Amino acid sequence: MAIGIDHYHIRQNALNRFISGYGDWNEDHSQFLSKDIYVDENDVLRCSPDFDISRNFGQIYTLLNNYDNLRDIYHEKMRYYKGDHGNIRTRTYNDPTGANANDDRNRVVVNMPKNLVNTFTGYTNGIAPKITYSDNPSADGEPDAGSKAVNDDLAVLFSRSRFNDVMFEWSKQASIHGRSYCLAYLNSRGQLKLTFKSPENAFVVYSNSNDSEPVFAVDFNRVQGAYYGTVHTTDFDYQFNNGDVKKAQSSVGFENSVIGHQGRVSNPFKMIPLIEMAQNDEREGVFDDVISLIDSMDNTMSAKIDDVDYFRAAILYIAGVAELTPEQKETIRKWHIFQIPDTVMMTENATQKFDVHYLDKPDGDNVQENAIKHLTHQVYDTAQVTNMNDPDFANSTASGVSLDKKMQPMQMMAAIKFRKMEAAVQDLLFLIYAYNNGEARSYDKADEMVRDTTIQFTPNVPHDTLQESQIVKNLNGIVSLDQLLSYLSSVKSIPDEMARIKKQQAANQTKFANTPSGDGPVGPENESDSQGDDDSEDEGGDS
């Protein structure tokens, strides 16, 4: 049974509409997207380990259509990140009398989702990771020639793919959606490249075994209801269009339709090239837990601006004066002045009391300000993201100790993210090493190379360069050179820096080796000795 759209609409209208999993009243945490593919309580697509999509392409049509329900949720998350908040978009004024039922009110968006995601991603990925392969290092920690060749290949690939940007977006998409993907592919020149994919346009189906191996993957675009993309299996890539999808359940069949326009090509990697990065096991994004608080913040700020607008359209109360003419009303509206003529004041009813004033609206500014303050604190506290714009944060971070204390919640969440990123990068490196620029390595060798690769993520926090230099000085001679360099935030590439150090040492050795011993520097002691020799010669000459 496929996922019901109504179930998703119920979930979207609930306060936790972004939370992964179903957990309906029957405690059935899994739902089938097609006959053999279901989604578990963490929104992970699964099938049996022996499932072969190439023999079940008839399920592609149903799978893609039912995945749209998940895709809608991912799309709404991205809309929130961009500032299009669904709750405030539909905000209207509800007049109990019905007189102003269509009277629109301010729709003010405080884009906290973007601030939360950018702050957290900037903290975890603001500094590019250091990825270094080292096998059989020399005594001084210098990588051998083979390791240097591997690191050079990685540097070329990462430069070609602009991997620092890919890595940042890969991580940012995971922070928004709870998961994201990196796709390895060959460009038009047959060169390996990497790019990121949103879960709006890609998914991986895993086995429901303990290994949870990827069985197949799909990356696609949906344009006005039409699908275009690729189904990735370990043997072939099936590049499909909307016509192929529609024929999946016909007598022609999906595979025959793809083969008909030469869309089936060999998979050069012999493994699934779509690699997932999870934000956490539950696939929850940074702001999933606080979406109701964000909606409340938008409503509170909108109501506050409504109050500001009220003073611009305040109601003028007039008593004891004849009904105003249209000209007088226009004068008041244009010039904001109302003057009672003397002729009215001197009438026989001069004892009549005149009353002209604006009606006052109860001032709830303090209540609104307190609500905004509490909502802001609650959003950041619940999301475990440090509010860098908080004046209290800026005023209490004079020392490194207080900075660590303030950032501890975000550091704890970042520790989880670092582990997930490391696992994703290791899967990516396994593919890169096994592919080996088209000269396939054995999986055992590729796995060994992954183990010999150091992946270092550095939190993007202000650095005390003096403290870093002291650490390096204290550990010099105790740990290897590459480990010493890892403590310096200014070092962007450890292998490149080690190569520069070796080159400088070689240059120094050559310089001193070519320096004649008698032409060395003359210090005070040498000067004294030379002067003594001169004196001895003089004395000998006199004798």
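Before reading on, note that the structure itself is shown above.
What comes next concerns the included structure. Quick caveat: nothing in here was measured; it's all calculated off a predicted structure.

1. Quick look at the overall build of the protein chain
The helix and strand tally for the protein chain stands at 19 helices and 15 strands. Considering only contacts within the protein chain whose residues lie at least 6 apart along the sequence, 65% involve residues at least 24 apart. Accessible area of the protein chain: about 30800 Å², with a carbon and sulfur share of 49%.

2. Here we look at the sheet that holds strand 1 (residues 31-32)
Read across the open sheet, the eight strands follow the order 1-2-3-7-8-9-10-11; overall the sheet is mixed. Looking at strand neighbours, the two that pair on one side only are strand 1 and strand 11 (264-266), the edges of this open sheet. Taken together, the three bridges between strand 3 (residues 45-47) and strand 7 (residues 202-207) define a ladder with parallel strand orientation. For Cys47, the partnering residue across the bridge sits in strand 7 and is Ser207.

3. Considerations on the packing of aromatic side chains
Here the structure, examined in full by the defined rule, presents 15 aromatic pairs. Ring centres of Phe57 and Tyr238 lie 4.8 Å apart, and the angle between their planes is 70 degrees; this geometry places the pair in the edge-to-face category. Here Tyr238 lies in strand 10 (residues 236-240) and Phe57 lies in the loop between strand 3 and helix 2 (60-82), a separation of 181 residues in the sequence. In this structure an aromatic cluster arises from ring pairing among Phe57, Phe236, Tyr238, Phe240 and Phe254. The ring centre of Tyr81 lies 5.5 Å from the NZ or CZ of Lys114, which sits over that ring. Directly above the ring of Phe236 sits Arg264, whose terminal nitrogen or CZ lies 4.4 Å from the centroid.

4. So, the sheet that holds strand 12 (residues 274-278)
The strands making up a sheet associate through hydrogen bonds between their backbones, and the pairing can be parallel or antiparallel. The three strands are arranged 6-5-12 in an open sheet whose pairing can be described as antiparallel. Two strands bound the open sheet, and with one partner strand each, they are strand 6 (192-197) and strand 12. Direction aside, neighbouring strands of the sheet carry axes that sit 25 degrees apart on average. Direction of pairing for strand 5 (residues 179-186) relative to strand 12: antiparallel, over a ladder of five bridges.

5. A word on unusual backbone geometry
Even without being a glycine, Asp43 presents a positive backbone phi close to 65 degrees. Classification of Asp43 by relative accessible area gives buried; the value is 4%. A positive phi angle is found at Gln262, which is not glycine, with a value near 60 degrees. Along the chain, Gln262 turns up in the loop between helix 8 (254-260) and strand 11.

6. Overview of the environment of Tyr238
On the basis of relative accessible area, Tyr238 is assigned to the buried category, the value being 2%. Measuring from C-alpha to C-alpha, the distance between Tyr238 and Glu255 comes to 7.8 Å, with 17 residues separating the pair along the chain. Of the polar contacts made by the side chain of Tyr238, one reaches the side chain of Glu255; its length is 3.5 Å.

Parameters and conventions
Residues numbered from 1 in each chain as written. Predicted model: local features only at pLDDT ≥ 70, side-chain atom pairs only at ≥ 80, totals over all residues. Heavy atoms only, no water. Helix = DSSP H or I, 4+ residues; strand = E, 2+ residues; numbered from the N terminus. Contact = heavy atoms within 4.5 Å. Areas by Shrake-Rupley, 256 points an atom, 1.4 Å probe, with all protein chains shown as cover. Pairing = 2+ DSSP bridges. Phe/Tyr/Trp six-rings, centres within 6.5 Å; stacked < 30°, edge-to-face > 60°. Lys NZ or Arg CZ within 6 Å of the ring centre and 35° of its normal. Axes fitted to C-alpha atoms, helices over the stretch in contact; angles between N-to-C directions. Buried < 20%, exposed > 50% of the residue type's maximum accessible area, 1.4 Å probe, protein only. Polar contact = N/O pair within 3.5 Å; in protein donor to acceptor, adjacent residues only side chain to side chain.

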